[in-house]
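Analysis of the macromolecular model
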Amino acid sequence: MFSLRVTLVLIVILIIPYAIKSFFSIEPFPAVILPSGPGKSLVNKSQFEVTTVSYLGKSGDGRWRQVNAQRLLHPLHYPLQRYILSREFMIGDSSNINYINYPTNILKSKLSRNRNNYQARSDLKELLKHRLYSQGFKSSSLKILKYKVIISIPGGDTINSILINESILYLDR
Amino acid sequence: MKAYYTWIDNLNTLFWTRVISSTTVDVKSLCAFRIVLGATLLTLYFPSFTWIAEVPKALFNPPIFSIANAFDELPGIVFFMTLDCMILLSLSCLTLGIKTRISTLIFAVLCIIGLSFNYSFGKIDHGYTLFYFTLLCMSFSGWGTQLALYPDKLTKYDSTIKSLSLLAVIIAFGMFTAGFSKALHWIDFDMTWNGFLRWYIDSYYGSGKKLYLASIVELLPPLVLEIFDYTAVLVELSPIFFLLHSGKAWRVWLMLICILHLAIVLFLNISFNLNFFAYLIFIDFSWLYNKLINISKLVLNTLLAFFSLYFLVRLYLIFSQQQMVTFFPGLRPKFDLYFDIIIWLVAIYLIINHLLVSKQNRLKEA
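Read on for an overview of the structure. Since we're looking at a predicted model, the values are computed, not measured.

1. Topic: the overall build of chain B
- Per the secondary structure count, chain B includes 14 helices and one strand.
- Rg of the C-alpha trace for chain B: 22 Å, near the compact-globule value of 21 Å for 366 residues, within the 12% margin.
- Taken over the C-alpha atoms alone, chain B extends approximately 60 × 60 × 50 Å along its principal axes.
- Buried residues in chain B amount to 52% of all 366 residues.
- In chain B, once contacts between residues fewer than 6 apart in sequence are set aside, the share between residues at least 24 apart is 82%.
- Surface accessibility of chain B: about 16,200 Å² in total, with carbon and sulfur atoms responsible for 70%.

In structure tokens form, the structure reads like this:
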């Protein structure tokens with residue numbers, strides 16, 4: 001049997017991480033928090049929007065061709081790669097976006113430590129360059145295209161694909 | 001004030017008395033289950049983290065409240081190889097019953113450390129939460145006192161009933177964290193909006209998860225989809241009531257959650273396979289104990305020889321940095337999902353069997 005004191009400590013241990021996640025959108029680990037996903041969708045929805053990222057490298061003839069993104073970020077598995085790719089490997093311009101207007105992001109920026117130093121970024125660029133060359137590309141430039149893809153429901157056919165952002169990473173600089 | 005304190009204290013006593021009476025399992029059953037858990041992890045879900053050392057350091061971006069955040073940079077290969085070796089050693093000791101209390105604790109802590117680094121690239125996956133809390137709770141359950149090569153001696157810190165009741169409360173709270181925000185949004189009595197459908201569209205069209213029954217979801221009428229929403233919320237918010245009601249009710253809830261997990265695999269192709277251990281620990285495995293205790297010395301020695309060989313192969317895989325069977329379903333999604341269906345069907349069968357045997361025993365006693 002647990003005493004009242006132990007019960008109170010248990011309540012605190014269980015509730016504090018959940019409160020941090022609920023009120024500050026910061027996920028502590030480890031914590032007794034299970035996946036929720038409370039979002040909803042229209043039942044008669046006929047379209048679904050998804051943001052996709054496409055990577056292009058320059059081939060020998062000077063044309064941009066599709067890069068195998070999974071091979072670029074091996075050994076990270078696909079669900080993690082999606083996060084990394086959406087942030088342009090954390091070395092592109094979008095990693096510097098300042099969301100200072102949001103209180104939780106002010107808190108996050110104050111508490112987090114900047115580890116993305118010059119050496120680490122250079123190593124990553126070198127690795128990406130090496131992996132680009134190993135896929136047969138002849139240039140160290142990597143073009144990143146972000147699309148908003150509209151998919152039909154049911155069926156899953158692509159109705160439209162709109163380019164929303166285009167940037168080039170120069171891995172030599 | 002004193003009367004108020006006494007009232008709260010009595011309430012606390014009543015709460016834990018009810019929880020304990022609902023979760024009681026014989027320690028022999030836990031000892032048998034420990035071997036099942038250890039053998040399954042060693043063969044099918046061995047946690048490996050050596051691959052993290054190959055990830056470029058610039059991608060290391062741990063969450064603020066995480067063990068990994070104490071590190072200035074991603075540790076090197078020696079750190080992760082040592083971690084994997086210690087995981088292999090502690091898991092082997094847990095399975096064989098060598099200093100089980102401390103090896104379970106070490107195994108759980110090492111998994112948490114490894115997962116902290118695994119979750120340092122932008123995404124925390126809480127799918128394994130119940131699993132490592134099961135290990136932490138079972139460290140002091142006395143599950144290493146029998147069916148062990150070097151049995152633990154019971155100390156004042158060991159308590160089967162406390163371990164099980166604590167785990168049950170953790171499961172109930174965990175489910176609350178999953179169900180509460182769903183309840184706020186999904187219980188809307190509006191059939192034009194649906195929560196389950198959002199999960200489905202994300203996984204079917206967003207992640208390309210199209211196995212099993214996924215393709216029939218779009219044929220379901222809105223009323224059925226609405227029932228899915230309310231069922232999920234009810235199952236996730238109700239465990240505490242089942243727990244406080246009776247042992248039978250608690251096992252019925254465990255069966256319901258296993259059915260929900262099976263439905264998630266079939267319709268959404270999403271895996272929560274390690275939760276299996278957290279739920280089945282409350283099922284009576286005394287029948288397995290009776291079988292294992294009567295194993296002949298020859299069979300036992302043969303099994304130990306195989307185990308030693310397997311241990312060496314695992315060690316070789318760690319040092320040669322080869323891809324191993326790991327926690328991460330991303331490496332082998334189809335195999336994991338096929339196996340998940342079997343796992344949840346077995347779990348449902350075992351729980352129903354437990355309920356039927358308990359009923360027969362009650363009738364005999366009457």
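Don't stop here, the text continues.
2. Regarding the nonpolar core
- Ranked by internal contacts, the top residues of the largest apolar core, which has 138 residues, are I171 and Y279 of chain B.
- Among the elements that line this core, the one with the most residues is helix α10 (residues 247–268) of chain B, at twelve residues.
- Two domains each provide a minimum of three residues to this core, namely domain 1 (1–39) and domain 2 (40–170) of chain A.
- Excluding its chain neighbours within four sequence positions, the residues that come into contact with Y279 of chain B are L130, I171, M175, L254, I257, C258, H261 and W344 of chain B.

3. Points about unusual backbone geometry
- Omega for the peptide link from F29 of chain A to P30 of chain A comes to 0°, which places this bond in the cis form.
- Mapped onto the elements of the fold, P30 of chain A is located in the loop between α1 (4–24) and β1 (41–42).
- Positive phi is not limited to glycine here, since Y212 of chain B has a value of about 55°.
- Its place among the elements puts Y212 of chain B in the loop between α7 (195–206) and α8 (222–237).

4. Here we look at the pattern of salt bridges
All names here are of chain A.
- Considering all chains together, one arrives at eight salt bridges over all chains under this definition.
- A salt bridge links E126 to K129; the shortest N-O distance between them is 3.6 Å. Remark: K129 and E126 occur in helix α5 (residues 118–134); sequence separation between them is three residues, near one turn of the helix.
- When its relative accessible area of 45% is taken as the criterion, E126 is described as partly exposed.

5. Section: a nonpolar patch on the surface
- A cluster of nonpolar side chains, M1, Y4, W7, L11 and L14 of chain B, forms an exposed patch at the surface whose accessible area comes to about 650 Å².
- Positionally, W7 of chain B belongs in helix α1 (residues 2–23).

Scoring rules and cut-offs
- Residues numbered from 1 in each chain as written.
- Chains lettered and ligands numbered in written order.
- Predicted model: local features only at pLDDT ≥ 70, side-chain atom pairs only at ≥ 80, totals over all residues.
- Heavy atoms only, no water.
- Helix = DSSP H or I, 4+ residues; strand = E, 2+ residues; numbered from the N terminus.
- Rg over C-alpha atoms; globule rule 2.2 N^0.38 Å.
- Buried < 20%, exposed > 50% of the residue type's maximum accessible area, 1.4 Å probe, protein only.
- Contact = heavy atoms within 4.5 Å.
- Areas by Shrake-Rupley, 256 points an atom, 1.4 Å probe, with all protein chains shown as cover.
- Core = buried A, V, L, I, M, F, W, Y, C linked by side-chain atoms within 4.5 Å.
- Domains from an automatic or database assignment.
- Salt bridge = Lys/Arg side-chain N within 4 Å of Asp/Glu carboxyl O.
- Patch = residues over 30% accessible without salt bridge, like charges linked within 9 Å, V, L, I, M, F, W, Y side chains within 5 Å.

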